[in-house]
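# Structural features, examined
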Amino acid sequence: MAENKAYGQLKKDLAAGTLKTAYVFWGEETYLREYYLSQVVKEPVPAGFEEFNYHRLEGKGLEIQTLAEQVEAMPMMAERTVLQVTDLDIFKLPEAQRKAFIALIEDLPDYCCLIFVYDQLEYKPNRTMKALCRAMDTYVSVVKFETQSRSDLLNWIARRFRANGKSLDAQTAEHLIFTCGSLMNGLIPEIEKVSAYAKGSIITKADIDAVAAPILEARVFDMTAAISRRDYDQAAEIMGTLLKLQEDPIMLLAVLGKELRKLYTARLAIDNGKDKFWLMEQWGMRSDYPAKLLLESARKVSTGWAADAVERCRELDLRMKSVTGVDSEAELKLFLMELAQGGKR
């Protein structure tokens, strides 16, 4: 994770026992968000006294007066209380509630640590609300939990496998991330499954492929790779599986289109003497693993084929979205067959 200042400061606050009075916790990495939320609760609230000092409110329909009453509740047998408010859409509060909210966070008591957690909702500041934004910037520490840096994530994966008596090298860990995504909550059950399945103490790529559940992007990449080597049977099998899982054809086409654009970019890289690092920069890749796989697939297709595939994907996307009565599944299967047969119209 690219270390943001608020995230780094939160870790320092916990280590020093100097938690601030208000935080916003948001971001896609829910595992880290929940971990640090538990640490924030644990730091000021003694075990066994959570019922009296750790309060949780749902943001939907919450009146600021109710929130203020909870904030003012004194701690019992503890130095501080922790108040968690989940999914309060701060920037959509009515004006009177918004003013009351600003007054509240400007005068939070030192004994209360107020945490706004964004789970189903995204934290989206509205900069036109200047007074509210100024108050949030001044009195609330906004912590975004993002995907960890590659090295931290690889180390974390290795530790999880070690806890199960298994080990794996960095390349195999990269394959796990490529297959299952980089979010820790998604990786945890896959690590457990792979650990339970693997016969030996060293995890292999084959162990991962045997039992791990691939994310949509990984399945579509496999389909694109099959297309690039004209293996229609495998590509069609993957497509059929995804459609049986009731993946939306328009969504599938969007993901396929993105993979075809990546393939085209990789083909251009080969044509112009660019390396994997150039490709990583173009697509914001944090690892060279997918870049190497892309270049491998791109060597099997021509530049003209890749350009044509991207253009026809764009045309089909427009057709699916604008023409009534189109059988999207049938169109998608036909498009896939044409690509696998060599991109002929």
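Residues numbered from 1 in each chain as written. Predicted model: local features only at pLDDT ≥ 70, side-chain atom pairs only at ≥ 80, totals over all residues. Heavy atoms only, no water.

### A look at the pattern of salt bridges
- The tally for this structure, following the rule as stated, stands at 19 salt bridges.
- In this structure, Glu 338 engages Arg 312 in a salt bridge whose closest nitrogen and oxygen atoms are separated by 3.1 Å. You can see Glu 338 sitting in helix 17 (residues 328–340) and its partner Arg 312 sitting in helix 16 (residues 303–322), a full 26 residues away along the chain.
- Its relative accessible area of 23% is what places Glu 338 among the partly exposed residues.
- It is possible to trace a salt-bridge network through shared partners that takes in Arg 33, Glu 34 and Asp 119. (Salt bridge = Lys/Arg side-chain N within 4 Å of Asp/Glu carboxyl O. Helix = DSSP H or I, 4+ residues; strand = E, 2+ residues; numbered from the N terminus. Buried < 20%, exposed > 50% of the residue type's maximum accessible area, 1.4 Å probe, protein only.)

### Structural notes on the packing of helix 7 (residues 150–163) against helix 8 (residues 170–180)
- As a packed pair, helix 7 and helix 8 sit with axes 10 Å apart at the nearest point and diverge in direction by 100 degrees. One element, helix 7, and the other, helix 8, form an angle in the roughly perpendicular class. Taking contact as the criterion, the partners of Arg 150, Leu 153, Leu 154, Ile 157 and Phe 161 in helix 7 are, on helix 8, Ala 170, Ala 173, Glu 174, Leu 176 and Ile 177. (Axes fitted to C-alpha atoms, helices over the stretch in contact; angles between N-to-C directions. Parallel < 35°, antiparallel > 145°, perpendicular 65-115°, else oblique. Contact = heavy atoms within 4.5 Å.)

### Overview of the packing of aromatic side chains
- The full count for this structure, using the stated rule, is 13 aromatic pairs.
- Aromatic rings pair up to connect Tyr 7, Tyr 23, Phe 25, Tyr 35, Tyr 36 and Phe 145 into one cluster.
- The positively charged end of Lys 199 is found above the aromatic ring belonging to Tyr 197, 4.8 Å away from the centroid.
- Geometry around Trp 283 places Lys 262 over its ring, the cationic atom sitting 5.8 Å from the centre. (Phe/Tyr/Trp six-rings, centres within 6.5 Å; stacked < 30°, edge-to-face > 60°. Lys NZ or Arg CZ within 6 Å of the ring centre and 35° of its normal.)

### Describing the nonpolar core
- Ranked by internal contacts, the top residues of the largest apolar core, which has 40 residues, are Val 220, Met 223, Ile 227, Leu 252, Leu 260, Trp 305 and Phe 335.
- Going through the elements one at a time, helix 11 (216–228), helix 12 (232–244), helix 13 (249–271), helix 14 (276–283), helix 15 (288–298), helix 16 and helix 17 are the ones with two or more residues in this core.
- Per-element accounting of this core gives the leading share, eight residues, to helix 13.
- Beyond its immediate stretch of four places on either side in the chain, Phe 335 contacts Leu 253, Leu 256, Leu 260, Ala 309, Arg 312, Cys 313 and Leu 316.
- Of all hydrophobic cores here, the second largest spans 39 residues; its members include Leu 19, Tyr 23, Val 117 and Ile 188. (Core = buried A, V, L, I, M, F, W, Y, C linked by side-chain atoms within 4.5 Å.)

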